[in-house]
Amino acid sequence: MKKVAILMLAAGMVMATCVNSNAIDFKIKGSFQFAFDYINGGSFMGKTRAGNNVIGQQWAAMHQGRDSFEAIQRLHLQMEAVASESLSGTVFFEIGEQRWGMASQGGALGADGDMVKVKQAYIDWLVPGTELKLRMGLQGVRLPGFALDNPVFNDDVAGITASYTFNKNVGLTALWLRPYNDNYVDSYGSSFQSTFMDNMDLFVLSLPVRGDGFKVTPWVMGGAMGPHTGRVDKNGGHSFYNPSSGGQALDGLSIRDGLAPAAFSSSRGKQGIWPDEYASMFWGGITGQMDLFSPFRLTADFIYGAVDYGRSELNRHGWFGMLLAEYELDWATPGIYGWYFSGDDDNPHNGSERLPYIATTNNLTNSLSTFGYRGNPIMGGGKGVLGVNPNGTWGVGFRLKDMSFLEDLKHTFRVNFFGGTNDTKMAAYITGRDGLDDGGRAIYRNNTDFNSFGTYLTTADTGIEINFDSTYQMYDNLKFICELGYIHLWLDKDVWGEAGGYEGNSLNYKDAWKASLNVIYSF
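This report concerns the structure included in the present document. (Residues numbered from 1 in each chain as written. Predicted model: local features only at pLDDT ≥ 70, side-chain atom pairs only at ≥ 80, totals over all residues. Heavy atoms only, no water.)

Remarks on the overall build of the protein chain
The line we're drawing: What counts as a helix is a DSSP run of H or I of at least four residues, what counts as a strand is a run of E of at least two, and both are numbered from the N terminus. With a 1.4 Å probe rolled over the protein chains alone, any residue whose accessible area is under 20% of its type maximum counts as buried; one over 50% counts as exposed, and the rest are partly exposed. Should any heavy atoms of two residues lie within 4.5 Å, those residues are counted as being in contact. The accessible surface values rely on the Shrake-Rupley method and a 1.4 Å probe; as for residues, cover is taken only from the protein chains in view.
Scanning the protein chain from N- to C-terminus turns up 5 helices and 24 strands. Classification of the 523 residues of the protein chain by burial places 50% in the buried group. Of the contacts formed within the protein chain by residues at least 6 apart in sequence, a portion of 66% connects residues at least 24 apart. Carbon and sulfur atoms make up 57% of the accessible area of the protein chain, which amounts to about 23,000 Å² in all.

Brief notes about the pattern of salt bridges
Here is the rule we go by: A side-chain nitrogen of Lys or Arg and a carboxyl oxygen of Asp or Glu constitute a salt bridge if their distance falls within 4 Å.
In the structure shown here, the tally under the stated rule is 18 salt bridges. In this structure, the salt-bridge partner of Asp-149 is Arg-142, at a minimum N-O distance of 3.0 Å. On the basis of relative accessibility, which here comes to 8%, the residue Asp-149 falls in the buried class. Judged by relative accessible area, Arg-142 falls into the partly exposed class, the value being 42%. One salt bridge connects Asp-469 with Arg-414, and the closest N-O pair in it is separated by 3.1 Å. Of this pair, Asp-469 sits in strand S22 (residues 462–473) while Arg-414 sits in strand S20 (residues 409–420); the two residues are 55 residues apart in sequence, bridging distant segments of the chain. The class of Asp-469 is buried, set by a relative accessible area of 8%. Residue classification places Arg-414 among the buried positions, given a relative accessible area of 11%.

Details of the nonpolar core
Heads up, the condition is: Among buried residues, the Ala, Val, Leu, Ile, Met, Phe, Trp, Tyr and Cys ones that are joined through side-chain atoms within 4.5 Å form a nonpolar core.
If you look at the biggest cluster of nonpolar residues, it comprises 65 residues, and the most contacted ones within it are Leu-259, Trp-283 and Ile-358. If you tally residues by element for this core, the top one is helix H4 (residues 425–430), at 4 residues. Discounting residues that sit within four places of it in the chain, Leu-259 has contacts with Met-200, Met-225, Met-281, Trp-283, Val-307, Tyr-309, Leu-314, Arg-316, Pro-356, Tyr-357 and Ile-358.

Examining unusual backbone geometry
Residue Glu-97 follows Gly-96 across a cis peptide bond; omega there is 15°. Residue placement: Glu-97 occurs in strand S3 (residues 87–99). For Phe-44, which is not glycine, the phi torsion reads 65° and is therefore positive. The residue Phe-44 is located in the loop between strand S1 (25–40) and helix H2 (59–64) in this model. A positive phi angle, near 55°, is found at Asp-402, a position not held by glycine. Look at Asp-402 and you get partly exposed, because its relative accessible area is 38%.

Some details on the pairing of strand S7 (residues 171–180)
Applicable threshold: Paired strands are those between which DSSP finds at least two bridges.
Where strand S6 (residues 153–165) lies against S7, 8 bridges are found, and the strand directions are antiparallel. Within S7, the residue paired with Gly-159 across the bridge is Leu-177. Adjacent in sequence and paired antiparallel, S6 and S7 are bridged by 5 residues. Sheet topology places S7 next to strand S8 (residues 200–206); 6 bridges connect them, and they run antiparallel. The residue bridging Leu-175 from the neighbouring strand is Val-204, located in S8.

A look at the packing of aromatic side chains
Two measures describe an aromatic ring pair: the distance that separates the ring centres and the angle between the ring planes. Spelled out, the test is: Ring pairs shown here join Phe, Tyr and Trp side chains whose ring centres sit within 6.5 Å, with only the six-membered ring taken for Trp; geometry is labelled stacked below 30 degrees between planes, edge-to-face above 60, and tilted in between. The criterion is that NZ of a Lys, or CZ of an Arg, lies within 6 Å of the ring centre and within 35 degrees of the ring normal, and then a charge sits over that ring.
Using the criterion set out here, one finds 16 aromatic pairs in the structure. Taking 5.3 Å as the distance between ring centres and 40° as the angle between the ring planes, the aromatic pair formed by Tyr-38 and Trp-513 counts as tilted. With Tyr-38 in strand S1 and Trp-513 in strand S24 (residues 512–522), the pair connects residues that are 475 residues apart, well separated along the chain. On the basis of an interplanar angle of 25° and a centroid distance of 4.4 Å, the ring pair of Phe-320 and Phe-341 is categorised as stacked. You can see Phe-320 sitting in strand S16 (residues 316–327) and its partner Phe-341 sitting in strand S17 (residues 333–341), a full 21 residues away along the chain. Each of the two residues, Phe-320 as well as Phe-341, counts as buried. Members of the aromatic cluster, each reached through a chain of ring pairs, are Phe-32, Tyr-521 and Phe-523. Against the face of Phe-146 rests Lys-215, its NZ or CZ located 4.5 Å from the ring centre.

Digging into the environment of Met-200
Relative to the helices and strands, Met-200 is located in strand S8. Separated by 20 residues in the primary sequence, Met-200 and Tyr-180 have C-alpha atoms spaced 5.2 Å apart. Not counting residues up to four positions away in its chain, the partners in contact with Met-200 are Leu-177, Arg-178, Pro-179, Tyr-180, Ala-224, Met-225, Thr-229, Leu-259, Met-281 and Ile-358.

What follows is the structure in structure tokens.
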């Protein structure tokens, strides 16, 4: 807790300074957050393929060694130094997550953990005499998405954002983002130099347009990724990893899950399967909403994306579309919706046909659900068990949003029926049943089962999810959030039952459910 005390002391000194200064206005805001989660069946497996019992909240949490029940807390602290309407600076600290009882996170007896992190740090300034606003530094970036939180990029990242307002109806936003650089370490004496060709740079343009009864935003993003961006040397071989978490696929934030095929075939051999040149990346989309006939509202999203490594077996391209219709009533907003993400075909040598993505893990507020996907910005392990986004699936759903029958108490009910869009043949490659493709080339796997990174569902698999979430605003600054969730998967046993290295049907899948309570004090 020593760093926390120092941080709070610094904040107090800053506030004291503002008393003697007329030039800078200091503002502090934040939130104390507590989560109490019980989750059962989060990996959708009652036992492993080897027959061992599965313990853990979810597919990502199992890598972290989480129990079925967890108590967690964290503190968000944001300090802003405002010189004028044209100039300000912001720093956003995150203290935690701290799991109660866990010594390495400062949650055990005696506390004193080392968990202070800089989440965002940026300055905002206005070019004199113009409407051009700039933000530079570590910042939260959300690509446009009205029907669904954008499934390509939504996270904290270093970069520069420039926004210009032409008039009340039209604006333009441009971004340069650098998610990764200087992370590759050549520790095995190969011919590749450390921190060389390991950058990822992204460039974004969006054009928000508003009119009477509608809004629409077309956008494009392009970029390049060095061959060492996600590479780690292992005894002379090379493999993808996640530089965000030191090699571990944490909460799905893994560039190999979003930018590489789940499984592919190659005749190059293990030493030469990864490229040695920059990969090019492109996404383009449009999102729009029409409320001309309010209280009826119609919202739609469309995105296409592609990543080209210069090798057909590694390339990835795909698309996504969604349509949402809502009708706002006094007591709730009912809505129906449908979505479709393209899926892989049966050929592992022509790359992946799923929509590529970078990261979709930060502060989602309009996802498909709060259990299967990451549909809320609150803390806790009770979300994302199906994945960080619905890649490779189709679905239809119904929701009643913001139901209110009592003052200060709101509920949201959702039910989704969904299925996979990936070819069933891919399951044989992913599970290791088939080690060669139809051309006799070796199979290389990023995924090793249906639940390796979230869930990988085929056209033979379906599922249903039900959520019931409640928010009680006890005081202006204190609220309680209770979330209940249930998911059942109908996995085809002929598709997923057998796996390489195991005899017979080794699939022991089970339902997933959760009960979660969050307490949030905002100030």
